[in-house]
Amino acid sequence: MQLSVTGIVRRFGTVAALGGVDLDVAEGEFLTILGPSGSGKTTLLKAIAGFEIPDEGAVTLGGLDVTLAPPRSREVGMVFQNYALFPHMSVAQNIAFPLEMRRRPRAEVRQRVEAALRLVELEGMAARLPRQLSGGQQQRVALARAVVFDPKLLLLDEPFGALDRKLRESLQLEVRRLQRRLGLTTLFITHDQEEALIMSDRIAVMDKGRIQQIGRPGDLYARPASRFVADFLGESNLLEGRAGQGVAQLPGFGAVPLPGAAAQPDGPVTLLLRPEALRVEAAAAPLPCRATGTVLETVFLGQSAKLRLRVEGGAEMLARLPLRPSDPPPPAEGVVVTLGFAPEDLHVVPQG
Ligand code: ATP
């Protein structure tokens, strides 16, 4: 493991910002810490970078215990949301800074700065000051400065938070490509679940100072281990029913076969159905689990439409319908429709 965090606890007065965190990041892996505001993401990052000393637990980096080591000795590159470039230094001087601190020979500094500028495609801008750059360009300088000294670990704390959507999307892909090319072990912090799904090899979902679940994006999305993870990662229909003899009674849908029925005890059950698995009208007709519903709201999203519906005799649900330009418009508010899903698209959410 390139980075191991074991049993980290950090208390502020009576608040446990971190309540015992364990985390392993493999060499070259891109791991995202995803969680709501106040869940402990920044505190964890600071403990790894050396800006917080944990009350309990240990941090090892490249096999060395660095729990008490000062930030500068950890060989960690960092990029924050607010750029944090030195305003009076040129782009090249900013990027050279970590090398100057390490007293690298002048020729090496020049060569590495040039390579880093090429890496982030800012070759022509070496002499500019940060204020003469756009937000996206400033963030690329920050990235170049973070990787120029071959860090053991790259920490990214909401680095795209201040950028507009289009720029954010292109930088996300750019950072991902760069990270792969350099084989950089990377820890990325965000509260944006879409960003986490796009960027990560694995995602650790945090809540209340603990990691709630860790896994590959597709696995977390399809098989969340709790209501919190189901709800936080993507949109969800959480259906309350009663399980018994391999089926669940779901209001409006009747008896639906349960996935992994043998392992499911009789009694209350929570089932996750993602909005794209709930089909409407013609697409619903051939599916085994069906109900009647009324459209409460239709939102057009370009390549898809999102429908909020009330199931007759049941709960409110969300459906996401893919839309091609030649498709007829999706059903409007007030229209009564047939809803359906395939039982294999259900996931039993563990109780608790
Ligand atoms: P955000 O996404 O809003 O930045 P976060 O997940 O990064 O949130 P942290 O900043 O790690 O969360 O904070 C975790 C908890 O610890 C919060 O309840 C916060 O108020 C508390 N906390 C963090 N730093 C301190 C501090 N220096 N003194 C007191 N409490 C703190």
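Just above sits the structure.
Report on the accompanying structure. (Residues numbered from 1 in each chain as written. Predicted model: local features only at pLDDT ≥ 70, side-chain atom pairs only at ≥ 80, totals over all residues. Heavy atoms only, no water.)

1. Things to note about the overall build of the chain
- Check the secondary structure of the chain and you find eight helices and 20 strands.
- Counting only C-alpha atoms and orienting by the principal axes, one finds that the chain spans roughly 75 × 50 × 35 Å.
- Taking all 352 residues of the chain together, the buried fraction comes to 49%.
- A total accessible area of about 17,000 Å² is found for the chain, and carbon and sulfur atoms account for 52% of it. (Helix = DSSP H or I, 4+ residues; strand = E, 2+ residues; numbered from the N terminus. Buried < 20%, exposed > 50% of the residue type's maximum accessible area, 1.4 Å probe, protein only. Areas by Shrake-Rupley, 256 points an atom, 1.4 Å probe, with all protein chains shown as cover.)

2. Remarks on the sheet that holds strand E19 (residues 336–341)
- In space, the five strands of this open sheet follow the order E15-E19-E16-E17-E18, with antiparallel pairing throughout. Of all the strands in the sheet, the pair left with one neighbour each is strand E15 (279–280) and strand E18 (316–322).
- With seven bridges connecting them, strand E17 (residues 304–311) and E18 associate as antiparallel partners. What sits directly across from Ser 304, in E18, is Pro 322. (Pairing = 2+ DSSP bridges.)

3. Details of the site of the ligand
- Near the ligand the following residues occur: Phe 12, Val 15, Ala 17, Pro 36, Ser 37, Gly 38, Ser 39, Gly 40, Lys 41, Thr 42 and Thr 43.
- Taking Gly 38, its main chain carries an N or O atom lying 2.7 Å from an oxygen atom of the ligand.
- One nitrogen or oxygen atom from the side chain of Lys 41 is found 2.8 Å from an oxygen atom belonging to the ligand.
- Isolated, the ligand exposes 640 Å² of accessible area, and the fraction of that covered by the protein chains is 57%.
- Of all elements in the fold, only strand E2 (15–25) and helix H1 (41–49) reach the threshold of two or more residues within the shell around the ligand.
- Partitioned by chemical class, the residues of the shell around the ligand number four nonpolar, six polar and one charged. (Near = heavy atom within 4 Å. Polar contact = N/O pair within 3.5 Å; in protein donor to acceptor, adjacent residues only side chain to side chain. Nonpolar A, V, L, I, M, F, W, Y, C, P; charged D, E, K, R; others polar.)

This is a description of form; function is not addressed.
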